[in-house]
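# Working through the structure, step by step
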Number of protein chains: 2
Amino acid sequence: MIPGTRRRRQRQDKVTLSDVAQNAGVSAITVSRALRDPEKVSPPLREAILKVVEDMGYVPDLAARALASKNSGLIGVVSPALTSHSFLAVIRGIEDRVRPSDLRIQYASSDTNAEDQLRLLRFFLSQNPAGLIHVGQIGDLAIDELLRRAPCPVVEIMDVSRQPSDMAVGIDHRLAAETATRHLLERGYRRIALLGGAWDFRARRRLEGYQAVLEEAGLFDPALVLSIDSQSSVGLGCHLLGRLKAEFPDADAAFCHNDDIALGALFECQRRGLSVPLDFGICGFNDLDYAGFAFPAITSVRVPRYEIGYRAVDMIIRAAGSGAPPPKLVDLGYQLVQRGSTARQA
Amino acid sequence: MIPGTRRRRQRQDKVTLSDVAQNAGVSAITVSRALRDPEKVSPPLREAILKVVEDMGYVPDLAARALASKNSGLIGVVSPALTSHSFLAVIRGIEDRVRPSDLRIQYASSDTNAEDQLRLLRFFLSQNPAGLIHVGQIGDLAIDELLRRAPCPVVEIMDVSRQPSDMAVGIDHRLAAETATRHLLERGYRRIALLGGAWDFRARRRLEGYQAVLEEAGLFDPALVLSIDSQSSVGLGCHLLGRLKAEFPDADAAFCHNDDIALGALFECQRRGLSVPLDFGICGFNDLDYAGFAFPAITSVRVPRYEIGYRAVDMIIRAAGSGAPPPKLVDLGYQLVQRGSTARQA
DNA sequence: CTGTTAGCGCATTCAA
DNA sequence: TTGAATGCGCTAACAG
């Protein structure tokens with residue numbers, strides 16, 4: 001190609017539905033049907049049409065389709081922690097379930113405040129979405145109301161301990177925290193801290209579970225709940241463990257809000273010459289990839305994050321379909337994975 | 001609200017441009033202009049219109065806008081490793097630059113093969129995107145050609161060692177690998193392995209750099225290049241280090257394709273009682289959050305991933321704008337961050 | 001600076 | 001089973 005001949009910014013001759021229709025000797029609507037509703041077109045005609053579609057390289061104009069049908073085929077995902085490690089697997093699940101469908105996903109990362117989430121949800125709603133996935137965070141009334149009135153299926157994901165506006169899939173974070181805390185008790189730890197980042201809805205549920213179990217054992221000490229309102233990270237875990245041991249040298253274990261913090265705590269213990277699990281026990285949350293490979297391996301609560309994403313999309317698809325509607329609330333359950341970081345005799 | 005009164009699946013009375021126009025006593029196009037091109041409307045009228053827009057809660061219909069203007073305001077991102085740790089920061093950069101604009105992002109995770117990438121790029125192109133961001137992988141001719149002819153700005157990100165079809169932003173992976181390998185040599189390591197995952201374009205460039213430096217030193221041994229064709233992870237790092245030490249007990253360092261593998265290698269060394277950095281040196285790549293907090297902290301090559309994402313969007317916006325066009329090729333540079341995992345005297 | 005006209009590409013009526 | 005007419009909501013191109 002001669003340099004300068006390059007036609008940037010200039011739309012290629014686009015193949016439209018009527019182009020295909022002409023070439024196939026039918027009307028546009030028939031082509032449309034052959035594509036979206038093949039069974040409404042006689043087999044021979046259908047095949048002929050699909051062949052022309054193929055030959056001409058026709059690709060539907062989604063904007064036109066959305067405008068005409070009031071159905072964008074878009075699923076909006078709103079999450080405050082779109083780019084957190086733990087959300088990656090959720091995204092994978094979402095993508096895998098969407099791939100074989102003709103839906104598309106659009107992600108939006110929100111702030112943690114209700115206004116920003118409302119803004120994004122409204123934005124998606126203005127596009128006639130096929131569905132909405134929301135990482136339920138707050139229990140904000142305005143959000144609830146908006147989701148309840150939404151003209152499309154809505155799935156709130158991650159936690160199921162609250163009645164959803166429409167549907168929900170996830171686990172019960174309070175229960176999970178109870179299980180983890182009880183495990184630490186059973187291993188003989190007594191001064192068990194809670195190390196965390198921002199106090200989102202799920203974190204608060206976990207605090208409740210942690211607190212309930214320790215109170216029952218007569219071992220709850222609010223001073224051992226340490227957190228900093230920031231995106232959690234390995235660095236934060238180091239910092240929090242440092243603070244904990246500085247203020248409470250007798251602290252002998254930590255239930256961490258997630259594995260990043262647990263890993264940071266582990267490193268910090270190593271740095272301070274504390275033996276994990278003998279001197280200090282560590283339990284994480286999420287069971288990320290690395291938890292099982294750390295040294296010692298980190299006990300964690302496995303959350304079926306991939307499945308949550310997968311099921312969320314599945315529920316939307318089934319809610320929109322004609323078959324049996326999906327259950328409104330799916331508790332996928334968690335699993336405590338015991339590993340070296342808490343492997344101490346009671 | 002009375003239960004059962006809930007109107008799901010039924011579009012709320014939508015406010016359209018002409019609704020606003022009527023209420024404001026102007027024509028639709030004027031409202032349109034007040035929104036998109038405020039300077040083409042007289043200030044008093046503009047304010048009046050914007051007030052009505054606000055009051056009525058008007059939200060533009062993006063599908064209609066896309067259809068009418070042949071500009072969807074959409075930037076498509078195609079990457080095979082959308083959900084890898086190292087891509088998270090890129091996404092953050094992308095989102096941050098997009099937020100203040102009126103563009104939207106849509107991500108698509110591709111397979112590593114050219115066909116799948118072509119499919120997704122074509123899909124985006126059929127939507128009149130405002131721009132395309134592609135994690136350049138292969139140097140495939142068909143992809144090159146497609147991107148070259150694309151009627152919108154295209155930015156290939158991550159590596160800049162190849163002439164881009166349109167624009168590119170990233171670093172030179174080969175140079176980065178040379179720097180890292182040289183560092184290991186300077187620290188006195190002699191049997192330096194390369195541990196990696198799949199051999200994508202960038203990984204091959206890094207291999208070249210690693211090989212060049214070692215050959216120059218007369219220390220290159222192809223047997224020390226270990227990789228498994230899978231998404232890299234901490235577990236893979238453990239596995240590869242195990243294999244390496246089993247086959248080559250004299251290996252004394254590893255340059256890892258990324259920090260996940262480096263972390264796995266570190267854990268595996270600890271498990272085997274190998275001292276890092278005395279018995280074995282480890283250098284990672286990317287400088288993820290945790291590298292600096294590990295014990296010992298992991299030497300790594302800092303890649304400005306956030307900036308890459310940010311700049312990519314910026315280049316698209318500027319290429320579409322009327323101002324000076326952005327440079328075609330932006331090398332953001334890397335930085336070797338020396339830490340404990342290679343802190344051995346030469 | 002503002003309005004009129006026309007049409008983007010498709011799908012939803014309806015009718016045949 | 002197929003087709004014709006119509007309009008989705010918006011903006012480009014022109015006119016005033």
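Bear in mind the structure is a predicted one, so any value in this text is a computation, not a measurement.

## Side note on the overall build of chain A
- Scanning chain A for helices and strands turns up twelve helices and twelve strands.
- The C-alpha radius of gyration of chain A comes to 26 Å, more than 25% above the 20 Å expected for a compact globule of 346 residues.
- Expressed as a percentage of the 346 residues in chain A, the buried residues total 56%.
- Sequence-distant contacts in chain A: of pairs separated by 6 or more residues, those separated by 24 or more amount to 69%.
- A total of about 14200 Å² of accessible surface is found on chain A, and carbon and sulfur atoms cover 51% of it.

## Digging into the relation of the copies chain A and chain B
- Overlaying chain A on chain B yields an RMSD of 0.1 Å, the required transformation being a rotation through 180° with an accompanying axial translation of 0.0 Å. Taken together, the rotation and translation relating the two chain copies correspond to the operation of a two-fold axis. Considering only C-alpha atoms, the residue of chain A closest to the rotation axis is A63 of chain A, which sits at 2.3 Å.
- Looking at the interface residues of chain A, 98% of them are also at the interface in chain B, so both copies use one shared face.

## Focus on the sheet that holds strand β9 (residues 281-283) of chain A
All names here are of chain A.
- Ordered in space as β7-β6-β8-β9, the four strands form an open sheet in which the pairing is parallel. If you trace the sheet from one side to the other, it starts and ends with β7 (225-227) and β9, each paired once. Here the average twist between neighbouring strands, direction ignored, is 20°.
- The pairing of strand β8 (residues 253-256) with β9 spans three bridges and is classified as parallel. Note that in β9 the partner of A254 across the bridge is I282.
- Across the sheet, helix α8 (residues 173-186) lies against β6 (192-196), β8 and β9, angled at about 165° from β8, the strand it touches most.
- Its contacts with the sheet place helix α11 (residues 259-271) against β6, β8 and β9, and it is angled at close to 160° to β9.

## Thoughts on the nonpolar core
- Of all hydrophobic cores here, the largest spans 150 residues; its most connected members are I157, L195 and I282 of chain A together with I157, L195 and I282 of chain B.
- If near-sequence neighbours (up to four positions away) are discounted, I157 of chain A is found in contact with F87, V90, I133, H134, V135, G136, V169, I308 and A312 of chain A.

## Things to note about the interface of chain A and chain B
- Each side of the interface is counted separately: chain A has 62 residues, and chain B has 61 residues.
- Of the roughly 5400 Å² buried at the junction of chain A and chain B (both faces included), carbon and sulfur atoms supply 54%.
- Taken together, the connections running from chain A to chain B amount to zero salt bridges.
- On the surface where chain A and chain B come into contact, there are eleven residue pairs in polar contact (both at pLDDT 80 or more).
- Counting residues per element, the ones that place at least two in the side of chain A that touches chain B are α4 (62-69), α5 (85-98), β2 (104-109), α6 (114-125), α7 (141-149), α10 (234-247) and α11 of chain A.
- When grouped by side-chain class, the residues that make up the side of chain A that touches chain B number 30 nonpolar, 15 polar and 17 charged.

## What about the packing of aromatic side chains?
- The final tally for this structure, using the stated rule, is ten aromatic pairs over all chains.
- Taking 6.2 Å as the distance between ring centres and 65° as the angle between the ring planes, the aromatic pair formed by F255 of chain A and F285 of chain A counts as edge-to-face. Taken together, the positions of F255 of chain A in strand β8 and F285 of chain A in the loop between β9 and β10 (300-302) put the pair 30 residues apart, joining distant regions of the chain. Here the two residues F255 of chain A and F285 of chain A agree in accessibility, since each one is buried.
- On the basis of an interplanar angle of 10° and a centroid distance of 6.1 Å, the ring pair of F267 of chain A and F267 of chain B is categorised as stacked.

## A short note on the domain arrangement of chain A
- Partitioning chain A into domains gives domain 1 (5-59), domain 2 (67-171 + 305-331) and domain 3 (173-304 + 335-342).
- Computed from C-alpha atoms alone, the centre-to-centre distance between domain 1 of chain A and domain 2 of chain A is 32 Å.

## Quick look at the protein's contact with DNA strand C
- The local shell around DNA strand C holds 25 residues, among which L17, I29, S32 and Y58 of chain A together with T30 of chain B are the closest.
- Counting only the atoms of DNA strand C that lie within 4 Å of the protein, the sugar and phosphate share comes to 68%.
- Here D61 of chain A contributes a backbone N or O atom positioned 3.4 Å from a phosphate oxygen of DNA strand C.
- Counting only elements with at least two residues in the surface near DNA strand C, the list comes to α2 (28-36) and α4 of chain A together with α2 (28-36) and α4 (62-69) of chain B.
- A total of four residues in the surface near DNA strand C trace back to one element, the largest contributor, which is α4 of chain A.
- In the surface near DNA strand C, the residues fall into twelve nonpolar, six polar and seven charged.

## Some words on the state of the cysteines
- The final tally for this structure, using the stated rule, is zero disulfides over all chains.
- Free cysteine: C283 of chain A, not disulfide-bonded; nearest cysteine sulfur from C256 of chain A at 7.6 Å.

## Notes on the pattern of salt bridges
Residues and elements named next belong to chain A.
- On inspection of all chains with the given rule, the structure shows 45 salt bridges over all chains.
- As a salt-bridge pair, D287 and R339 come within 3.0 Å of each other at their nearest N and O atoms. Taken as a pair, D287 in the loop between β9 and β10 and R339 in the segment after β12 (335-337) lie far apart in primary sequence, 52 residues in all.

## Some points on the sheet that holds strand β4 (residues 154-159) of chain B
Residue and element names in this part refer to chain B.
- One open sheet holds the six strands; their spatial order is β2-β1-β3-β4-β5-β11, and the pairing between them is parallel. Two strands bound the open sheet, and with one partner strand each, they are β2 (104-109) and β11 (329-331). Adjacent strand axes in the sheet meet at a mean angle of 15° when their direction is disregarded.
- Here strand β3 (residues 131-135) runs beside β4; their pairing, made up of four bridges, is parallel. Across the sheet, residue H134 finds its bridge partner in β4, namely E156.
- Contacts from helix α12 (residues 305-320) reach β1 (74-79), β3, β4, β5 (167-171) and β11, with the element oriented near 165° to β5.

## Details of the protein's contact with DNA strand D
- What surrounds DNA strand D is a group of 23 residues, the closest being T30 of chain A together with L17, S32, Y58 and R65 of chain B.
- The side chain of S32 of chain B places a nitrogen or oxygen atom 2.4 Å from a phosphate oxygen of DNA strand D.
- Contacts to DNA strand D include R65 of chain B, whose side-chain N or O atom sits 2.7 Å from a phosphate oxygen.
- Listing elements by their share of the surface near DNA strand D, those giving two or more residues are α2 and α4 of chain A together with α2 and α4 of chain B.
- Residue classes in the surface near DNA strand D are distributed as twelve nonpolar, six polar and five charged.

## Some remarks on the packing of α4 of chain A against α4 of chain B
- Two numbers describe how α4 of chain A lies on α4 of chain B: the axes approach to 8 Å, and their chain directions differ by 130°. By the angle class used here, α4 of chain A and α4 of chain B are oblique. Judged by the sense of rotation from one axis to the other, the crossing of α4 of chain A with α4 of chain B is left-handed. Contact residues: α4 of chain A offers A63, A64, A66 and L67 of chain A, while α4 of chain B offers A63, A64, A66 and L67 of chain B.
- Class assignment of the residues belonging to the contact of α4 of chain A with α4 of chain B gives a composition of eight nonpolar, no polar and no charged.

Thresholds, definitions, all that
Residues numbered from 1 in each chain as written. Chains lettered and ligands numbered in written order. Predicted model: local features only at pLDDT ≥ 70, side-chain atom pairs only at ≥ 80, totals over all residues. Heavy atoms only, no water. Helix = DSSP H or I, 4+ residues; strand = E, 2+ residues; numbered from the N terminus. Rg over C-alpha atoms; globule rule 2.2 N^0.38 Å. Buried < 20%, exposed > 50% of the residue type's maximum accessible area, 1.4 Å probe, protein only. Contact = heavy atoms within 4.5 Å. Areas by Shrake-Rupley, 256 points an atom, 1.4 Å probe, with all protein chains shown as cover. Least-squares fit on C-alpha atoms with pLDDT ≥ 70 in both. Pairing = 2+ DSSP bridges. Axes fitted to C-alpha atoms, helices over the stretch in contact; angles between N-to-C directions. Core = buried A, V, L, I, M, F, W, Y, C linked by side-chain atoms within 4.5 Å. Buried area = accessible area lost by both parts, 1.4 Å probe. Salt bridge = Lys/Arg side-chain N within 4 Å of Asp/Glu carboxyl O. Polar contact = N/O pair within 3.5 Å; in protein donor to acceptor, adjacent residues only side chain to side chain. Nonpolar A, V, L, I, M, F, W, Y, C, P; charged D, E, K, R; others polar. Phe/Tyr/Trp six-rings, centres within 6.5 Å; stacked < 30°, edge-to-face > 60°. Domains from an automatic or database assignment. Near = heavy atom within 4 Å. Disulfide = S-S within 2.5 Å. Parallel < 35°, antiparallel > 145°, perpendicular 65-115°, else oblique. Left-handed = near helix turned anticlockwise from the far one by under 90°.

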